[in-house]
Amino acid sequence: EEAELSLLECRVCFERYGPGGQRRPRNLPCGHVLCRGCVGALSGPDRRRLECPFCRRACGFAETSDCLPLLQLLEVLGPAGGSVLSALGRSGGGGAAGPVPAGLGLRLSLGGWGSLVNPTGVAACRRSGRLAVAHDGKKRIHVFGPSGSCLHRFGERGDAGNDIKYPLDVTVTSDGHVVVTDGGDCSVKAFDFEGRGVLAVREGFCLPWGLDATPESEVILTDSEAGALYRLTADFRNGKLKKCQLIRSQLISPRGVAVSQTSGAIVVIEHLKAQGPNNSSTRVKIFSAEMDLIGQMDSFGLNLVFPSKIYTTAVAFDKEGHVIVTDVCSQAVICLGKPEEFPIFNPLISHGLSYPVGLTYMANNSLAVLDSGDHSVKIYSST
């Protein structure tokens, strides 16, 4: 209970965080989190500069940003603001039950507090083995090499062409470009691996969120606020957008998205509105390459089939075409089967995760899991 209060309360005013208004949680550049009201009070009437009350690092009011992991947790808790354990369908105690299944082991852990700050997206370059991570640090894209070394950081907050205000997700195209959704100015931005901005797309998006790349270097993109799914075709090398095509509408707050590299099937995670206390839920929708609906299941339906409530935050396809999701309720990674057999229930990782929000498969079929709970990327491989 004490840990829960520490997580959900501003440590300056000791008021519980909320999804809007003065209680909305905000990140400082140093990584500490305060409510919006305290950020405003500390920055004074001119709202120019403030000093972090914990580490004394100075920053500007404009350098703060929404704390996405806490906002997602508040969404899970619902408008009544119940307890974390009850909302996640757990009765307390230690971490998630059960060991890692035989044959899949933790090989490497990257990042951590101070290196990554509230990370939101992870993607792998299948050709080079490099990993790109989107987070809320000073330089918002962090590129790791296959061995785990930091190769490059880029994307500072600002208004220049290669700046990033508030990254929500990232993908890497087969031709080696890093593509980022920027919630700060509602755009999609593409970079080379050295951090040079090559293209910025602002096609009237309301809130571009999740994205994934096809083998042909097209980008499938969700617009959470518009309830839409787009296909972007671009010549990234020459910085030219060829086509922005709406391929699905009338979705409900779509966020995570993944494309099968073999069949072209597309899976989308919708975030459904809460109908009561602790009743926020998600829905997994699977479409064929021709955008025909193959199957869908929401948290309630999954709970009828599986042993616990499932609240999905990220999705990926493995090389055999299985749908893999993260579940913040059980702090696990779960295989839901192939589209034609969806859903089955096969936990792949059920121990050692805090708040998994991202997934990507690497060239050697290792699975990289983005854990915003401890600000790290955990790489699992067959043993």
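Going by the structure above, here's the rest.
Residues numbered from 1 in each chain as written. Predicted model: local features only at pLDDT ≥ 70, side-chain atom pairs only at ≥ 80, totals over all residues. Heavy atoms only, no water.

Enquirer: For this particular structure, what's the right way to read the nonpolar core?
Expert: Note that soluble globular proteins tend to have their nonpolar side chains buried in a common cluster. The biggest cluster of nonpolar side chains holds 38 residues, and the ones touching the most others in it are Y17, L28, L70, L131, V133, V377 and I379. Of all the secondary-structure elements, those providing two or more residues to this core are strand 2 (33-35), helix 2 (36-43), helix 3 (68-77), strand 7 (121-124), strand 8 (131-134), strand 28 (367-371) and strand 29 (376-382). At six residues, helix 3 tops the list of elements feeding residues into this core. Counting contributing residues per domain, this core is built from domain 1 (25-87) and domain 2 (104-382), each supplying no fewer than three. With residues near it in sequence (within four places) discarded, I379 still touches G105, L106, R107, L108, L110, L131, M362, S366, L367 and A368. One finds L302, I310, A332 and I334 within the second-largest nonpolar core, a separate group that totals 17 residues. (Core = buried A, V, L, I, M, F, W, Y, C linked by side-chain atoms within 4.5 Å. Buried < 20%, exposed > 50% of the residue type's maximum accessible area, 1.4 Å probe, protein only. Helix = DSSP H or I, 4+ residues; strand = E, 2+ residues; numbered from the N terminus. Domains from an automatic or database assignment. Contact = heavy atoms within 4.5 Å.)

Enquirer: Help me understand the sheet that holds strand 8, please; the structure alone is not making it clear to me.
Expert: As a general point, the strands of a sheet are linked pairwise by backbone hydrogen bonds and lie either parallel or antiparallel. Read from one edge of the open sheet, four strands run 7-8-9-10, paired in antiparallel fashion. Edge strands, defined here as strands with exactly one partner in the open sheet, are strand 7 and strand 10 (150-156). For this sheet, the mean angle separating the axes of adjacent strands, direction not counted, is 20 degrees. Relative to strand 10, strand 9 (residues 139-144) is paired through five bridges, and the arrangement is antiparallel. Bridged to K139 within strand 10 is E156. (Pairing = 2+ DSSP bridges. Axes fitted to C-alpha atoms, helices over the stretch in contact; angles between N-to-C directions.)

Enquirer: I keep staring at helix 2 and nothing clicks. Help me out?
Expert: In an α-helix, one turn spans 3.6 residues; hence positions three or four apart end up facing the same way. Among the residues of helix 2, G37, C38, V39, G40 and S43 are the ones counted as buried. G44 lies just past helix 2 and shows a positive phi near 80 degrees.

Enquirer: Where do I start with the environment of F345 in this structure?
Expert: Along the chain, F345 turns up in the loop between strand 25 (332-337) and strand 26 (346-349). Judged by relative accessible area, which is 32%, F345 ranks as partly exposed.

Enquirer: What am I meant to see in the pattern of salt bridges here?
Expert: Should their charged atoms come close, side chains of opposite charge can pair. For the structure on display, the rule yields 16 salt bridges. Between K285 and E270 there is a salt bridge, with its nearest N and O atoms 3.7 Å apart. Highlighted residues: K285 in strand 21 (residues 281-287) and E270 in strand 20 (residues 266-272), separated in sequence by 15 residues. Here the two residues K285 and E270 agree in accessibility, since each one is buried. One connected set of salt bridges, linked through shared partners, spans D182, D185, K189 and R202. (Salt bridge = Lys/Arg side-chain N within 4 Å of Asp/Glu carboxyl O.)

Enquirer: Even after reading the chapter, I still don't get helix 3, so can you show me in this structure?
Expert: The buried fraction of helix 3 is high, at nine of 10 residues. Residues of helix 3 that are buried: L68, P69, L70, L71, Q72, L73, L74, V76 and L77.

Enquirer: Quick question: what am I supposed to make of the packing of aromatic side chains here?
Expert: Aromatic ring pairs: the centre-centre distance and the angle between the two ring planes describe each pair. Enumeration over the complete set of coordinates arrives at two aromatic pairs. Between F154 and F191 the ring centres are 5.2 Å apart and the planes differ by 50 degrees, which places this aromatic pair in the tilted class. Of the two residues, F154 is situated in strand 10 and F191 in strand 13 (residues 187-191); the sequence distance between them amounts to 37 residues. A residue is classified by how much of its surface remains accessible, and F154, at 5% relative accessible area, is buried. Given the relative accessible area of 0%, F191 is considered buried. Between F205 and Y230, the ring centres sit 5.3 Å apart and the planes meet at 75 degrees, which makes this aromatic pair edge-to-face. Taken together, the residues span a long stretch of sequence, with F205 in the loop between strand 14 (197-201) and strand 15 (208-213) and Y230 in strand 17 (residues 228-235) at a distance of 25 residues. No difference in accessibility class separates F205 from Y230, as the two residues are buried. Between the NZ or CZ atom of R130 and the centre of the ring of F193, over which it lies, the distance is 3.9 Å. (Phe/Tyr/Trp six-rings, centres within 6.5 Å; stacked < 30°, edge-to-face > 60°. Lys NZ or Arg CZ within 6 Å of the ring centre and 35° of its normal.)

Enquirer: It is not clear to me how unusual backbone geometry should be interpreted in this structure. Could you clarify?
Expert: Keep in mind that most residues, glycine aside, have a negative phi and that most peptide bonds are trans. Positive phi values are uncommon outside glycine, yet M291 reaches one of about 70 degrees. With respect to the element layout, M291 can be found in the loop between strand 21 and strand 22 (293-298). Non-glycine residue N365 carries a positive phi angle of around 70 degrees. With respect to the helices and strands, N365 occurs in the loop between strand 27 (356-361) and strand 28. Judged by relative accessible area, N365 falls into the partly exposed class, the value being 30%.

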